[in-house]
Amino acid sequence: MVETRELFETEGVRPVVQTRYHRYTFDPGPEGPLRLTINCNACCRVSPGPLPSNGPDIDLPLLDEGCAIMEFKTAGLVPVWLRRLAGERRIIPRSFSK
C-alpha cells in the first residue's frame, strides 16, 4: 500500500480506467482444494475526470451479452477432472488483470 501511495504522491500516477462487475464466489473453506469465482456484467469507463465509485457512466461492456469471467483457484495442482472437462469443452486457460 505504501508503494501505491508513493506513486500517487511523487510520480503523479493517477487512475484512468474504472471497472465494475458482479462477483459470485463459491468457496469450500480452508480445507477445500478449489475455489470458483464468476464475474458477470463486466463494464468499464475510460473518460477523463474524477472516478466516482458508483457513477452511472461506467457502461462500456467488456464482454458479449451472456458471457462471464470464470476463475478457478486451486491450492496446488489443478484437479484431473477439471483439466479433462476443460479439454473436452476446449476451454483455454488465460491470465489477465481486471
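Residues numbered from 1 in each chain as written. Predicted model: local features only at pLDDT ≥ 70, side-chain atom pairs only at ≥ 80, totals over all residues. Heavy atoms only, no water.

Secondary structure assignment for the chain yields two helices and four strands. Counting over 98 residues, the chain shows a buried share of 15%. Across the chain, contacts joining residues at least 24 apart in sequence account for 50% of those joining residues at least 6 apart. With an accessible surface of roughly 8200 Å², the chain has 57% of that area assigned to carbon and sulfur atoms. (Helix = DSSP H or I, 4+ residues; strand = E, 2+ residues; numbered from the N terminus. Buried < 20%, exposed > 50% of the residue type's maximum accessible area, 1.4 Å probe, protein only. Contact = heavy atoms within 4.5 Å. Areas by Shrake-Rupley, 256 points an atom, 1.4 Å probe, with all protein chains shown as cover.)

Turning our eyes to something else, we now look at unusual backbone geometry. Even without a glycine there, the phi angle at asparagine 41 is positive, about 55 degrees. Inspection of the secondary structure puts asparagine 41 in strand 2 (residues 34-45). A positive phi angle is found at arginine 90, which is not glycine, with a value near 55 degrees.

Here the focus is a nonpolar patch on the surface. On the surface, Val16, Val17, Val46 and Leu60 cluster together to form a nonpolar patch covering roughly 330 Å² of accessible area. In this structure, leucine 60 sits in strand 3 (residues 60-61). Overall, leucine 60 belongs to the partly exposed group, its relative accessible area being 45%. (Patch = residues over 30% accessible without salt bridge, like charges linked within 9 Å, V, L, I, M, F, W, Y side chains within 5 Å. Salt bridge = Lys/Arg side-chain N within 4 Å of Asp/Glu carboxyl O.)

By the secondary structure assignment, valine 78 is in the loop between strand 4 (68-74) and helix 2 (80-88). When its relative accessible area of 36% is taken as the criterion, valine 78 is described as partly exposed. C-alpha of valine 78 to C-alpha of proline 33: the two residues are 45 residues apart in sequence and 8.8 Å apart in space.

Further remarks concern the pattern of salt bridges. Under the defined criterion, the tally for this structure stands at one salt bridge. In this structure, the salt-bridge partner of glutamate 71 is lysine 73, at a minimum N-O distance of 3.6 Å. The class of glutamate 71 is partly exposed, set by a relative accessible area of 22%. Owing to a relative accessible area of 39%, lysine 73 belongs among the partly exposed residues under this scheme.

The next subject is the confidence of the model for the chain. Of all residues in the chain, 84% have pLDDT values of 70 or greater, and the mean over the chain is 81. Mean pLDDT values for the elements of the chain range from 72 in helix 1 (residues 2-11) up to 91 in helix 2. (pLDDT = per-residue confidence, 0-100.)

As judged from the eight bridges shared by strand 1 (residues 18-26) and strand 2, these two strands associate in the antiparallel manner. Bridging from a neighbouring strand, threonine 25 pairs with threonine 37 of strand 2. Two strands pair when backbone bridges link them, and strand 2 and strand 4 are joined in this way by seven bridges, in the antiparallel orientation. Each bridged residue has a counterpart across the sheet, and for leucine 34 the counterpart in strand 4 is threonine 74. Where strand 2 and strand 3 come together, two bridges link them in antiparallel fashion. By the bridge assignment for strand 3, cysteine 44 is matched with leucine 60. (Pairing = 2+ DSSP bridges.)

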